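Summary of the model geometry
The chain contents come next:
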Amino acid sequence: MSSKARLAAMSAATAAFMLVAACSGGSNSGGKDREQDTGDQAQTVNGTLPADGPAEDGGIFRVNQASDAPTIDPHKSASFSVPAAVTGTVYSKLVEFKTSRDLPFGSMEVHPDLAESYSKSEDGLTWTFNLRKGVKFHNIAPVNGREFTSADVKCTIDRINTLPGVQKNLLDIVSSLDTSDPYKAIFKLTVPYGAFDETMASFYMAMLPCEGTRGEFNLAEQAIGTGPFIMTEWKRKVETNYVKNPNYFIPGKPHLDGFKVVIMADPASAIAAMRTGELDYTGSVSETLLPTLTSTNPEMVIRSNPLLGPNQLMFNQAKAPFNDYRVRKALSMAVDRKGLGDTFYGGYYQITGPIPPIIFGGMPADEAEKLIPYDPAAAKKLLAEAGFPNGFDAEMLTTDGYGPQFTTTAQWVQQDLKEIGVNVTLKIIDYATYFSTFAAKDYAIGWGLSTSFLTADEWLDALYTTNGPRNWFNTKDTKLDAMIKEQRSVLDKDQRNDKLQEINKYILENVLTPSMTIMFSTLGTQQPWVHNLYLHPAYSRAYLTDMWLDKDAPTR
């Protein structure tokens, strides 16, 4: 049996991709066993979606996730697990993305949250957010349940702008913030931008109390916000517990008494916990394990949603030979993306370019495949042209923090690269160390997942600009910087899309790091007693505000 055949067998035996429940998702390139994923939140792979209402109060919602957050400071880490731990639950935002049965998964529709209403000027340069009055922070020292005002907006924005954090690029176009009225926040922009409300709905825009930004409590270990839930216990690498905020600003919500996140990296354990009713939701069921669950528990409600964070092959351009575009392209062309998707995701995936195809400005999958095809022979030729006719040796950074299947996909890529003479040794490290190593650019080549950014501008500015907060690839391309800056202020949607397609193509033909491979589907599995649960690819659990458990739930 070949090495890749053995990996395929391993996948069939143990596969389950572990992600935080808030980030469950996927997309379709012609799934073998499922109907095409339309993004319809009501579409199920198995079972019948329960009625949305009338809602009932009570119960603890229990989910699992593969790895814990390295911190709960929403401004200090690029890890998906940080906003998933506090955003939309402990911390609120000025505006929030809508989710419902009637909206497609990943809809960019925005509704007011801490803001009661908001508006933009005709020229797109001024955005005004009118804040709700009487919103109270959690009654925990040193904040002690005081009222949220525009001063807290200023404290939050000022902190983002003064930290070398991952959100800073989102505010590059903000020239000033007027908070002279305690119930109004007025943002002045340097260029017109018609989607600034989507920016403020980002999972990185959680509003903090000034006491936290001033260091009066440790944001890395304690979260005090205005959200629907209060974090009561954080047992690192074990579990996190939350209780209902009795003073939440939306009357009658949340319906839950609380929720619990259990760190559980073993997919078999997660499935066993679902079977015994110890979990209410998991994202840990893979295509290969689906039949074993549905055969014993046909009542399970299973849905497929797009995951917006693709698998990515990463190159550090500051380290030879990855400073040569021909080498980066050769390794990208050596990865059998279709084979990877068919083997590990049941054929339910989509090849992607720099901007994922399911969001505005994304490159169509067929175009991304055409520009960077799977072609080992051509890859070998490129390596020879670059001075490596016999290939070379390298170390590839990756992590076991996404669960066991992810390390197996790294081994698959390792085998693909071996076919063109590139012998990579895998450096598999824990999730926290992986992130800090990656962010420090202390690697040559890496295999990981991209953050699920929600807008084209966020993808481009964070990853591809010279000073981008997620440019951990040492990309320095002044022409690309100018192209990205120009598209941002184009208000006509069709014209902006044309600019974005030019940028997609330019990145593939001149930059190609990170090299996006595929975005895939995960199977969100919920108990039949879970109602009104509609997810969003944002790293946020704001949807918990509306969901509820009926009387069959063990915690009711």
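Now for a description of the structure that goes with this document. (Residues numbered from 1 in each chain as written. Predicted model: local features only at pLDDT ≥ 70, side-chain atom pairs only at ≥ 80, totals over all residues. Heavy atoms only, no water.)

Moving on to the sheet that holds strand S4 (residues 115–120). The four strands are arranged S4-S5-S7-S6 in an open sheet whose pairing can be described as antiparallel. Each of the sheet's edge strands pairs with one partner strand only, and the pair in question is S4 and strand S6 (174–178). Taking the axes of each pair of neighbouring strands and ignoring which way they run, one obtains an average angle of 15 degrees across the sheet. Pairing analysis gives four bridges linking S6 to strand S7 (residues 184–189), with the strands arranged antiparallel. What sits directly across from Leu177, in S7, is Phe187. Against the sheet, helix H3 (residues 150–162) engages strand S5 (126–131), S6 and S7, with an angle of about 40 degrees to S7. (Pairing = 2+ DSSP bridges. Helix = DSSP H or I, 4+ residues; strand = E, 2+ residues; numbered from the N terminus. Axes fitted to C-alpha atoms, helices over the stretch in contact; angles between N-to-C directions. Contact = heavy atoms within 4.5 Å.)

So, about helix H15 (residues 478–488). Looking at H15, one finds that the buried residues are Leu480, Met483, Ile484, Gln487 and Arg488. All buried residues of H15 fall inside an arc of 135 degrees around its axis, so they share one side. Across from the buried face of H15, at angles greater than 90 degrees, the exposed residues are Thr478, Lys479 and Lys485. Contact partners of the buried residues in H15: helix H14 (456–463) and helix H16 (493–511). The backbone nitrogen of Lys479 lies 3.1 Å from a side-chain oxygen of the residue at the head of H15, namely Asp477. (Buried < 20%, exposed > 50% of the residue type's maximum accessible area, 1.4 Å probe, protein only. Arc of directions from axis to C-beta. Polar contact = N/O pair within 3.5 Å; in protein donor to acceptor, adjacent residues only side chain to side chain.)

Now for the pairing of strand S13 (residues 311–315). Within S13, five of the five residues are buried, leaving the element largely enclosed by the surrounding structure. Side chains Asn311, Leu313 and Phe315 project from S13 onto one buried face, and the interleaved Gln312 and Met314 project onto a second face that is buried too. Alignment of S13 against strand S17 (residues 445–449), held across five bridges, turns out to be antiparallel. Across the sheet, Met314 pairs through a bridge with Gly446, a residue of S17.

We now examine the state of the cysteines. As used here, a disulfide is simply a covalent bond connecting the sulfur atoms of two cysteines. Throughout the structure, instances matching the rule amount to one disulfide. Across the disulfide from Cys155 sits Cys210; the S-S distance is 2.1 Å. Residues Cys155 and Cys210 share a disulfide whose torsion about the S-S bond is about 100 degrees; that sign makes it right-handed. One end of the pair, Cys155, is in helix H3; the other, Cys210, is in helix H5 (residues 210–213), and 55 residues separate them in sequence. With relative accessibility at 6%, the residue Cys210 sits in the buried group. (Disulfide = S-S within 2.5 Å.)

Before going further, it helps to spend a moment on the packing of helix H8 (residues 325–334) against helix H11 (residues 376–385). Two elements in contact, H8 and H11, have axes whose closest approach is 8 Å; the angle formed by their N-to-C orientations is 160 degrees. One finds that H8 runs roughly antiparallel with respect to H11. For H8 against H11, the interelement crossing comes out left-handed. Residue-level inspection shows Arg326, Val327, Lys329, Ala330, Leu331, Met333 and Ala334 of H8 in contact with H11, the latter providing Pro376, Ala378, Ala379, Leu382, Leu383 and Glu385. Grouping the constituent residues of the contact of H8 with H11 by class yields ten nonpolar, no polar and three charged. (Parallel < 35°, antiparallel > 145°, perpendicular 65-115°, else oblique. Left-handed = near helix turned anticlockwise from the far one by under 90°. Nonpolar A, V, L, I, M, F, W, Y, C, P; charged D, E, K, R; others polar.)

Looking at where Thr408 falls in the secondary structure, it is placed in helix H12 (residues 404–418). At a separation of 3.1 Å, a polar atom in the side chain of Thr408 contacts the main-chain carbonyl oxygen of Pro404.

Here the amide bond leading from Gly53 into Pro54 is cis, since omega sits at 5 degrees, within 30 degrees of zero. With respect to the helices and strands, the residue Pro54 is situated in the loop between helix H1 (3–14) and strand S1 (60–65). A positive phi angle is found at Asn144, which is not glycine, with a value near 60 degrees. Here Asn144 shows up in the loop between S5 and H3. Phi is positive for Lys237, close to 65 degrees, though the residue is something other than glycine.

Moving on: empty space enclosed by the protein. By the definition in use, this model includes five cavities of 30 Å³ or more. In this structure, the largest cavity spans a volume of roughly 200 Å³. When residues of the lining of the largest cavity are assigned to their parent elements, the largest contribution, four residues, is made by helix H13 (residues 431–439). Split into classes, the residues belonging to the lining of the largest cavity amount to 16 nonpolar, six polar and one charged. (1 Å grid on protein atoms, 1.4 Å probe; cavity = no way out; pocket = protein on both sides within 12 Å on 5 of 7 lines; lining within 4 Å. Points joined across faces, edges and corners; volume = space filled by probe spheres on them.)

When you tally the buried positions in strand S15 (residues 392–399), you get six out of eight residues, the bulk of the element. Sheet topology places S15 next to strand S16 (residues 422–429); eight bridges connect them, and they run parallel. Residue pairing for S16: Leu397 is matched across the bridge by Lys427. On the question of chirality, the crossover connecting S15 to the parallel S16 by way of H12 is right-handed. Of the strand pairs in this sheet, S15 and S17 are connected by two bridges, and their pairing is parallel. Residue pairing for S17: Leu397 is matched across the bridge by Gly446. (Right-handed = clockwise from strand over helix to strand, strands pointing away.)

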